[in-house]
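One-letter residues, chain by chain:
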Amino acid sequence: MTAVMTQAAALPLAHTEHVMGTTVSFTVLAGDLPVPAARAAVQRACAVLHEADAVFSTWDPRSPVSRLRRGEATLAMMPADVAEVLALCRLAKAASRGWFDPWALPGGVDPTGLVKGWAVQRAADVLRQAGAAAALVNGGGDLAAFGAPAAGQRWRAGIRHPWRPDALACIVAVRAAVATSGSYERGAHLIDPATGRPAGGVASATVTGPSLALADALATALAAGGDQALAAVGLVAGYEGYLIRADGSEADTGGVEFVS
């Protein structure tokens, strides 16, 4: 997913951080916040991302979550963030009618489908709390935003076309959070929780809403469950979904704000 800037009135502070197996880009309008303070806030936000990576990485065998998955540690032995994320996972499982289920994945509980959005949201919250006027944080297709890029304008996100990497399928307005999931970048990595096998039928799934953590989880559910999951997303207050099926046809919940 691509952030689409609509103005150049205020020069934004830009930063790119490689973390959590992806690239996280920051676009920050400092407003009344002094630039040195804004830069310091970005560094604190990056520290939040690296801490999340250290705790939740399923690739690092030494991480707390890896130890939990192997049964070498209990939840009570985990950092407090693990219990918070797993509680959110339970809410997301219920909201998605089971299409998002970290407990149904091979190897033990795996909150990967929610934790990147959760971490990116926390990074954006650091910038908001520091006093930045506006910001957009893009974590490998998961976007958290606040404020406005300019007076009377809104942040926008381009949804990549699943088969044409140089083209956009659409552009959506970003109120707070947009998450996109699909198989066009990482192959068949999404698992159908009902069968334990790779999910098929969806090329790209996008969810918008007020919280990137839940939007991320619901986008994962939508990519796994297709039209059935889309119906579930449509029942979650404040969230909207858009999918591109494997045959190229599209569907949405009716409330996605598409812009030109």
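Before reading further, recall that the structure is shown in the block above.
Caption draft 1: A look at the packing of aromatic side chains. Inspection of every chain in the model, using the stated rule, returns two aromatic pairs. An angle of 80° between the planes, with centres 5.3 Å apart, marks the rings of Tyr242 and Phe258 as edge-to-face. Placement of Tyr242 in strand β10 (residues 240-245) and of Phe258 in strand β12 (residues 258-259) is noted, with a sequence separation of 16 residues between them. The class for Phe258 is partly exposed, based on a relative accessible area of 37%.

Caption draft 2: The arrangement of the sheet that holds strand β2 (residues 13-19) in detail. Ordered in space as β2-β3-β4-β5-β8-β9-β10-β11, the eight strands form an open sheet in which the pairing is antiparallel. Here the strands that pair on one side only, and so sit at the sheet edges, are β2 and β11 (250-252). Each adjacent strand pair in this sheet contributes to an overall mean axis angle of 10°, direction not counted. Note: strand β4 (residues 134-139) against strand β5 (residues 142-146), five bridges, orientation antiparallel. The residue bridging Ala135 from the neighbouring strand is Phe146, located in β5.

Caption draft 3: Representation of the side chain of Ser57 in the model. Tracing the sequence through the fold places Ser57 in the loop between α1 (35-56) and α2 (64-69). Accessibility expressed as a relative area gives 12% for Ser57, which makes it buried. Of note is the side chain of Ser57, whose polar atom sits 3.1 Å from the backbone nitrogen of Asp60. For Ser57, the contacting residues outside a window of four places in its chain are Ala52, Ser63 and Ser66.

Caption draft 4: Examining the environment of Ser66 more closely. By secondary structure assignment, the location of Ser66 is in helix α2. On a C-alpha basis, the gap between Ser66 and Phe56 in space is 7.5 Å, while along the polypeptide they are ten residues apart.

Caption draft 5: Layout of unusual backbone geometry. With a phi angle near 60°, Met20 is a residue other than glycine that sits in the positive phi range. Mapped onto the elements of the fold, Met20 is located in the loop between β2 and β3 (22-29). Here the phi dihedral of Arg97 falls at roughly 60°; this positive angle occurs in a residue that is not glycine. With respect to the helices, strands and loops of the structure, Arg97 is situated in the loop between α3 (80-95) and α4 (112-130). We classify Arg97 as exposed; its relative accessible area is 54%.

Rules used in this analysis
Here, residues in each chain are numbered from 1, in the same order as that chain's written sequence. At least 70 in pLDDT is required for a residue's local features to be given in this predicted model, at least 80 for side-chain atom pairs to be given and counted, and no such filter applies to totals for whole chains, interfaces and linings, which use all residues. With hydrogens and water set aside, each side-chain value is computed from the structure's full complement of heavy atoms. Ring geometry is summarised as follows: Phe, Tyr and Trp rings, the Trp one being its six-membered ring, pair when their centres sit within 6.5 Å, and such pairs are stacked at plane angles under 30 degrees, edge-to-face over 60 and tilted between the two. Comment: elements are numbered from the N terminus, with helices defined as DSSP H or I runs of at least four residues and strands as E runs of at least two. Burial classes follow relative accessibility: with a 1.4 Å probe on protein chains only, a residue under 20% of its type's maximum area counts as buried, one over 50% as exposed, and anything between as partly exposed. Paired strands are those between which DSSP finds at least two bridges. Axes here mean lines fitted to C-alpha atoms, for a helix over just the part in contact, with angles spanning 0 to 180 degrees between N-to-C directions. We call two N or O atoms a polar contact when they sit within 3.5 Å, provided that within protein one can donate a hydrogen and the other can accept it, with sequence-adjacent residues counted only if both atoms are side-chain atoms. By definition in these notes, contact holds between two residues if any of their heavy atoms fall within 4.5 Å.

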